[in-house]
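Each chain is listed here by its residues.
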Amino acid sequence: MASPLLLILSAPSGAGKTTLARYLLAAEPDARLSVSTTTRAPRGQEVEGRDYHFVGEAEFQRMVEGGEFLEWARVHGFRYGTSRMVVERALREAASLTIFDIDVQGGSAIKSQFPQAVTVFILPPSLAELEARLRGRGTDSEEVIQLRLEAARSEILRGLAEYDYLVVNRVLEEAGADLSAIVRAARCRATYMRDELREAFGASRSSPAPRG
Ligand code: ADP
Ligand code: 5GP
């Protein structure tokens, strides 16, 4: 069977990562989102269990000590973690597509543990447009917006250096189509379907792969 696909989406806050993750979830019927745990409070229309698992500092610390996170990071003053169970479940399910909406520290940590993961960095068209989107979203205070803008530059430099694919989110539909194309290309990678095709063409899993 085809391998599971781990798709890591990272971006400076406000670039449109959540919007694009939802676009991909609608376009790919089998896709599911890895729901992270965070110590920040819910904002806007966010729902417990759908957008995040919202916990207090003490509970987060207990989960860290219990080894429940594959990676965790402090982002903009709060802690965010990716559940080890979510990734283990994804890896057991052939042909599944799991989307991780996490920051560059988390993305790089997962990529180093699972090199087959595909990393996509989403960029705003400019820093001025990023600022306009953060303000337009209407969910963050001025102080939070300034913190996020300060962090954006170094996140962008790290994303440009370390990620597999770059998508500039200028027009939403075009950026969404780019993401769908990346998923489609990832599913054509030899590592994604080699085992399935070797079986279909009569080679047993134990027979040696041809050289070259
Ligand atoms: P992130 O998850 O990266 O912090 P969001 O998905 O919340 O960002 O997007 C930030 C704001 O920008 C939202 O108000 C969203 O509707 C808007 N937005 C997203 N993509 C675009 C785009 N291509 N053009 C204009 N506005 C956009
Ligand atoms: P926000 O508060 O805007 O939802 O998220 C802030 C940042 O934390 C975003 O860049 C988001 O992708 C990142 N983030 C969310 N969940 C996780 C996680 O589990 N691990 C890491 N490392 N970052 C996360």
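In what follows, the structure referred to is the one given above.
Residues numbered from 1 in each chain as written. Chains lettered and ligands numbered in written order. Predicted model: local features only at pLDDT ≥ 70, side-chain atom pairs only at ≥ 80, totals over all residues. Heavy atoms only, no water.

Sorry, what's going on with the sheet that holds strand β8 (residues 118-123) here?
Hydrogen bonding along the main chain pairs the strands of a sheet, whether they run parallel or antiparallel. Taken together, 5 strands build an open sheet; the order of strands is β2-β7-β1-β8-β9 and the sheet is parallel. The outermost strands of the open sheet, each flanked by one partner alone, are β2 (31-33) and β9 (165-168). Taking the axes of each pair of neighbouring strands and ignoring which way they run, one obtains an average angle of 25° across the sheet. Note: β2 against strand β7 (residues 97-101), 3 bridges, orientation parallel. Its bridge partner being in β7, Arg32 is matched across the sheet by Thr98. Packing of helix α4 (residues 104-113) onto the sheet brings it into contact with β1 (5-10), β7 and β8, and relative to β1 it is tilted by some 155°. (Pairing = 2+ DSSP bridges. Helix = DSSP H or I, 4+ residues; strand = E, 2+ residues; numbered from the N terminus. Axes fitted to C-alpha atoms, helices over the stretch in contact; angles between N-to-C directions. Contact = heavy atoms within 4.5 Å.)

So what exactly am I meant to see when it comes to the pattern of salt bridges here?
Side-chain pairs of opposite charge can arise where the charged atoms are in close proximity. Taken as a whole, this structure holds 16 salt bridges when the rule is applied. Here Glu28 makes a salt bridge to Arg187, at a shortest N to O gap of 2.9 Å. Of the two residues, Glu28 is situated in the loop between α1 (17-27) and β2 and Arg187 in helix α7 (residues 172-187); the sequence distance between them amounts to 159 residues. Between Glu129 and Arg133 there is a salt bridge, with its nearest N and O atoms 2.8 Å apart. Residue Glu129 and its partner Arg133 are both found in helix α5 (residues 127-137); the two are separated by 4 residues, about one turn of the helix. Here Arg133 falls in the partly exposed class, since its relative accessible area comes to 21%. Taken together, the shared-partner salt bridges connect Arg22, Arg50 and Asp51 into one network. (Salt bridge = Lys/Arg side-chain N within 4 Å of Asp/Glu carboxyl O. Buried < 20%, exposed > 50% of the residue type's maximum accessible area, 1.4 Å probe, protein only.)

Can you walk me through the site of ligand 2 in this structure?
In the vicinity of ligand 2, 17 residues are found, and the nearest of them are Ser36, Arg40, Tyr52, Glu71 and Tyr80. A distance of 2.6 Å separates an oxygen atom of ligand 2 from a polar side-chain atom of Arg40. Between ligand 2 and the protein, one listed contact pairs an oxygen atom with a backbone N or O atom of Ile102 at 3.4 Å. Here ligand 2, which alone exposes 510 Å², has 96% of that area covered by the protein. Broken down by secondary-structure element, the contributors of at least two residues to the shell around ligand 2 are β5 (69-75) and β6 (78-83). Looking at the shell around ligand 2 residue by residue, the classes come out as 5 nonpolar, 5 polar and 7 charged. (Near = heavy atom within 4 Å. Polar contact = N/O pair within 3.5 Å; in protein donor to acceptor, adjacent residues only side chain to side chain. Areas by Shrake-Rupley, 256 points an atom, 1.4 Å probe, with all protein chains shown as cover. Nonpolar A, V, L, I, M, F, W, Y, C, P; charged D, E, K, R; others polar.)

Teacher, can you tell me more about the site of ligand 1 here?
Of all residues adjacent to ligand 1, which total 14 residues, the nearest are Gly14, Thr18, Thr19, Arg137 and Asn169. Here an oxygen atom of ligand 1 sits 2.4 Å away from a polar atom, N or O, in the side chain of Thr18. Within the contact set of ligand 1, a nitrogen atom lies 2.8 Å away from a side-chain nitrogen or oxygen of Asn169. Compared with its free state, where it exposes 570 Å², ligand 1 has 75% of that area covered by protein. When atoms are counted within 2 Å of each cavity's grid points, the one that captures over half of ligand 1 is the largest pocket. Counting residues per element, the ones that place at least two in the shell around ligand 1 are α1 and α5. With 3 residues, the top contributor of residues to the shell around ligand 1 is α1. A class-by-class count of the residues in the shell around ligand 1 yields 4 nonpolar, 6 polar and 4 charged. (1 Å grid on protein atoms, 1.4 Å probe; cavity = no way out; pocket = protein on both sides within 12 Å on 5 of 7 lines; lining within 4 Å. Sits in = over half its atoms within 2 Å of the grid points.)

Honestly, the side chain of Ser13 in this entry has me stumped. Any pointers?
Along the chain, Ser13 falls in the loop between β1 and α1. Residue Ser13 is classed as buried on the basis of its relative accessible area of 13%. Side chain to side chain, Ser13 and Arg148 meet in a polar contact 2.6 Å long. If near-sequence neighbours (up to four positions away) are discounted, Ser13 is found in contact with His76, Leu130, Leu134, Arg137, Arg148 and Glu155.

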